[in-house]
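# Commentary on secondary and tertiary structure
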Amino acid sequence: MNIDVHAHYWTDSYLDRIQALGKDDTDTQRGMGAGDGKELQDRLELMDRSGVDLQILSAAPQMPYSDTDRDGAVEAARFVNDQYAELVKEYPDRFRAFVALPMPHIEESLAELARGLDELGFLGVVFNTTINGRPLVDPEFAPIFEELNRRKAVVYIHPAGNSVDTPLIRDHHMMWMVGAPMEDTVSIMQLITEGFPTKYPDITFINSHLGGALPMLLQRADNQVGWEAPDTPEKPSEAARRMYFDSVGHGHVPAIRAAVDSFGADRILLGTDFPYEAGDIFTRAVEYIPEGLDEKDATAVLSGNAARLFPSLADK
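Note that the coordinates shown come from a computational prediction; the quantities given were computed from them, not determined experimentally.

## Examining the pattern of salt bridges
Two side chains bearing opposite charge may form a pair once their charged atoms approach each other closely. With the rule as written, the count across this model stands at 18 salt bridges. In this structure, the salt-bridge partner of D71 is R70, at a minimum N-O distance of 3.8 Å. You can call D71 exposed: its relative accessible area is 57%. Look at R70 and you get partly exposed, because its relative accessible area is 42%. Overlapping salt bridges bring together R78, D82, E112 and R115 as one network.

Structure, rendered in structure tokens:
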């Protein structure tokens, strides 16, 4: 069974809620194909045509985050998680989900984390690479990661769409084509230099987009970490090879080969980035994996690694 770990789903009613929280790009997400009704039926048909059996849905980057409106963030998080739970109930063979949290509100996020994992049966938790501009490694968020570690949880991380807070990207029309993989790269290296893989050894981290630029930078990081970030507890390459990375590379075969060579085929999971990759590009997101890898590695990426990571899906 081919399991897609990087797929988005938002209804207009949810986007209305996060727009009220101050999210200013929801108009660009409407009508893209990630909603309910006919969009959902078209999505299922595309999955069938492309050989995607099941998607694990996430609300990222349209997350229910708000520094100032705690109640609104809580309501939006509960709303989207309930929507996902209903969708999974209706299509149990096609969808699962990651829990969205009302960050940065710690107690409320811990409560929603427990509800999502224990009551709704979700497979893990999703974060943007930053929480309203703050990195995931901010000490304020430690109670969340301590609880995730206690639960041996899966954490999926997706770019926020903030151009790494640099106008050199944002003001030159590169927010997603350059900014997003840079967000991935920075976030992963922050986790590594702050020692998250050793501090929280029972969290399974899944990073987006083949790890951004990390496959090309891994040896450089190993060579330079000793003088630039000397408190890093292990080589970046060692830490990275204990994480997972989705296969979203826009069909570029050299990219997935670089990621497999850098991290190992057992660390790559199928991702499509629907609806940002739709139509023929969606199909290409699946087809380029067996095109670029040998049969054993391609099977691992398409299905085997996710089945091992999510045992509840293994027998489906």
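## Looking at the nonpolar core
By size, the foremost hydrophobic cluster in this structure holds 96 residues, and its most contacted members are F127, F145, L148 and F310. Ranked by residue count, the leading element in this core is helix 3 (residues 70-90), at 8 residues. Discounting residues that sit within four places of it in the chain, F127 has contacts with M63, Y65, L101, M103, L136, I144, F145, L148, V155, Y156, I157 and H158.

## Some thoughts on unusual backbone geometry
Excluding glycine, a negative phi dihedral is what most residues carry, and trans is how most peptide bonds are arranged. The peptide bond linking M103 to P104 adopts the cis configuration, its omega dihedral lying at 10°. The omega torsion of the bond from F274 to P275 falls at 10°, within 30 degrees of zero and hence cis. As for its position among the elements, P275 is in the loop between strand 10 (268-269) and helix 12 (279-292). The phi dihedral of S163 is positive, around 55°, even though this residue is not glycine.

## What to know about the UniProt feature "domain: Amidohydrolase-related" (unreviewed entry) in the chain
When the UniProt feature table is mapped to this numbering, "domain: Amidohydrolase-related" (unreviewed entry) covers residues 3-311. Within residues 3-311, the helical portion is 50% and the strand portion 13%, while the C-alpha atoms at the span's ends are 12 Å from each other.

## Observations concerning the packing of helix 3 against helix 4 (residues 106-119)
Helix 4 packs onto helix 3 with a crossing angle of 10° between their chain directions and a minimal axis gap of 11 Å. As far as their axial angle goes, helix 4 and helix 3 are roughly parallel. On helix 4, the residues touching R70, V74, A77, R78, N81 and D82 of helix 3 are E108, E112 and R115. The class makeup of the residues in the contact of helix 3 with helix 4 is 2 nonpolar, 1 polar and 6 charged.

Cut-offs and rules
Residues numbered from 1 in each chain as written. Predicted model: local features only at pLDDT ≥ 70, side-chain atom pairs only at ≥ 80, totals over all residues. Heavy atoms only, no water. Salt bridge = Lys/Arg side-chain N within 4 Å of Asp/Glu carboxyl O. Buried < 20%, exposed > 50% of the residue type's maximum accessible area, 1.4 Å probe, protein only. Core = buried A, V, L, I, M, F, W, Y, C linked by side-chain atoms within 4.5 Å. Helix = DSSP H or I, 4+ residues; strand = E, 2+ residues; numbered from the N terminus. Contact = heavy atoms within 4.5 Å. UniProt positions renumbered as here; feature names shortened; annotations may be inferred. Axes fitted to C-alpha atoms, helices over the stretch in contact; angles between N-to-C directions. Parallel < 35°, antiparallel > 145°, perpendicular 65-115°, else oblique. Nonpolar A, V, L, I, M, F, W, Y, C, P; charged D, E, K, R; others polar.

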